[in-house]
Amino acid sequence: ADGLASIRSEDLVVNRTTTPKPKPALSELLFGRIMTDHMLQAAWNVNTGWSAPSIDPLAPLQLHPAAQVLHYGIECFEGMKAYMGVDGRIRMFRPDKNMDRLARSAQRLNLPDFEKVEYLECIKELLRVERDWLPDKEGFSLYLRPTYIATTPTLGIAPPSAALLYTIISPVGPYFPTGVKPIKLFVDTRHARAWPGGVGDCKVGGNYASTIRPQVQAAALGCQQVLYVLDNGAEGDGIVGESGAMNVFFLWRRKDGKKELVTPPLDGMILPGVTRDTVLSLVRSWSEFEVAERPIRWREIEAAVAENRMLEMFGTGTAVIIQPISTLLKSDGTALTVPFDSAETSRWIDRKPGTTYGAQKEPTTSLAGR
Ligand code: COI
């Protein structure tokens, strides 16, 4: 369009490092600390369009100190994973969903469109270059971080005229240092991570910046994450949103005795998680119990726990995968605890190999050549 260059995977240039790093031991893989040897990048300019994408040795970026990203947080990103299959082939988990969401986040920030399919082809090539970094061990994966920043050197709050789209990779194990053990959430009604008309449904850096402080306060109370409940004058009966790094699900028995899996709806206030979507599709295909995406009031959670109707609570996300939740700690110091049936939940995480899920489309993209 416009006679400007677009991203084309056939233009991809690969410059391999001559000094690859030694691969870390699995015990060193604290989430996101170690990066692989290469990065994929493509630069955009309003006058010329996209540069040819390239895979280069991982290196610090050179940015003008006035670059818009540094001042106004014009940044969005994705988190996506590649796994080693039992057949020795590398597969990405529903990467087209992440490309779609990155494009939507970019649009919200007025960053230029990019060719999603072509860029994903470039990411696959990056994975081929880095394949030896993928730990061949259950529970481990490569976490890919496509990142999109406005690089225009101006203090003007204006549409970017220069941008950089890059992807780095981190080999990862469990997100929480405690592993897949149930975690505690602090129920935070004082801070909001999203509001109507905001960017809560986009994966923009600013959404995460504002969660650090609440998270530190929660950690001081022994909680690994925050559950955002938008109180909005509802006097203790706010609307349940999400957790900083996860969407949240509740499996409960309704008052009519029926089992129901419930999660907040995509109302613009929560991130439309790919794992969330996957859980919903899988569970619907099982037809074992009701599934609902609807606003959840805090009082419903309290009542379900008090009346022993709460069966399970868990979070979903690319980084955390499926994360059991045992406890919701309130600011008055009282806690709701749900006895955790690990046998039940291990089924969420690992249904028998070879199980087919109704009419579900094959959720993976295989990488040729591995
Ligand atoms: C994810 O990739 O799952 C995220 O939400 C980002 C962050 C938790 C690392």
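Keep in mind it's a predicted model, so treat the numbers as computed, not measured. (Residues numbered from 1 in each chain as written. Predicted model: local features only at pLDDT ≥ 70, side-chain atom pairs only at ≥ 80, totals over all residues.)

Please clarify how the overall build of the chain should be interpreted in this entry.
Within the chain one finds 8 helices and 19 strands. Its C-alpha radius of gyration of 21 Å places the chain within 12% of the 21 Å reference for a compact globule of 370 residues. The dimensions of the chain, computed from C-alpha atoms along their principal axes, are 60 × 50 × 40 Å. Expressed as a percentage of its 370 residues, the buried residues of the chain come to 38%. Within the chain, counting contacts between residues at least 6 apart in sequence, those at least 24 apart form 72% of the total. (Helix = DSSP H or I, 4+ residues; strand = E, 2+ residues; numbered from the N terminus. Rg over C-alpha atoms; globule rule 2.2 N^0.38 Å. Buried ≥ 20, exposed ≤ 12 C-beta atoms within 10 Å, placed from the backbone. Contact = placed C-beta atoms within 7 Å.)

Looking at this model, I keep getting lost on the site of the ligand. Mind explaining?
Around the ligand, the neighbouring residues are Gly-79, Ala-245, Gly-317, Thr-318 and Ala-319. Residue composition of the shell around the ligand, grouped by class: 2 nonpolar, 3 polar and no charged. (Near = placed C-beta within 6 Å. Nonpolar A, V, L, I, M, F, W, Y, C, P; charged D, E, K, R; others polar.)

Honestly, the packing of helix α2 (residues 95-108) against helix α3 (residues 116-129) in this entry has me stumped. Any pointers?
Two quantities define a packed helix pair, namely the angle between the helix axes and the distance between the axes. Orientation of α2 relative to α3, taken along the N-to-C sense of each, is 125 degrees, at an axis distance of 10 Å. As judged from the angle between their axes, α2 and α3 are oblique. The chirality of how α2 crosses α3 is right-handed. Contact residues: Pro-95, Asp-96, Met-99, Asp-100 and Ala-103 in α2; Lys-116, Tyr-119 and Leu-120 in α3. (Axes fitted to C-alpha atoms, helices over the stretch in contact; angles between N-to-C directions. Parallel < 35°, antiparallel > 145°, perpendicular 65-115°, else oblique. Left-handed = near helix turned anticlockwise from the far one by under 90°.)

Help me understand the pairing of strand β17 (residues 321-329) in this model?
The side chains of a regular strand alternate, first on one face of the sheet and then on the other. Relative to β17, strand β10 (residues 183-188) runs parallel, the two sharing 4 bridges. Pairing of Lys-184 across the sheet is with Thr-327, part of β17. Sheet topology places strand β16 (residues 310-317) next to β17; 5 bridges connect them, and they run antiparallel. Bridge pairing links Gly-315 to Gln-323 in β17. In sequence, β16 turns back onto β17 through a hairpin of 3 residues. Pairing of β17 with strand β18 (residues 335-337) involves 3 bridges; the strand directions are antiparallel. In the sheet register, Leu-329 faces β18, and the bridge partner there is Ala-335. (Pairing = 2+ DSSP bridges.)

Mind showing me how you'd approach the pairing of β16 here?
β16 sits mainly inside the fold: 7 of its 8 residues count as buried. Two elements, strand β13 (residues 247-253) and β16, share 6 bridges in a ladder whose sense is antiparallel. Residue pairing in the sheet places Asn-247 in a bridge with Thr-316 of β16.

What's the story with unusual backbone geometry in this structure? I'm lost.
Most peptide bonds take the trans configuration, and most residues that are not glycine carry a negative phi. Of note in the backbone geometry, Arg-94 takes a positive phi value of approximately 45 degrees without being a glycine. Looking at where Arg-94 falls in the secondary structure, it is placed in the loop between β7 (90-93) and α2. Unlike most non-glycine residues, Ser-287 shows phi in positive territory, near 50 degrees. Note on placement: Ser-287 falls in the loop between α6 (274-286) and β15 (290-293).

What is the right way to read α3 from this model?
Helix length check: α3, at 14 residues, gives a terminal C-alpha distance of 20 Å against a target of 20 Å (1.5 Å per residue), a fit within 8%. Along α3, the residues classified as buried are Tyr-119, Leu-120, Cys-122, Ile-123, Lys-124, Leu-126 and Leu-127. (Expected span 1.5 Å × (residues − 1).)

Don't take any of this as a statement about function, it's just geometry.
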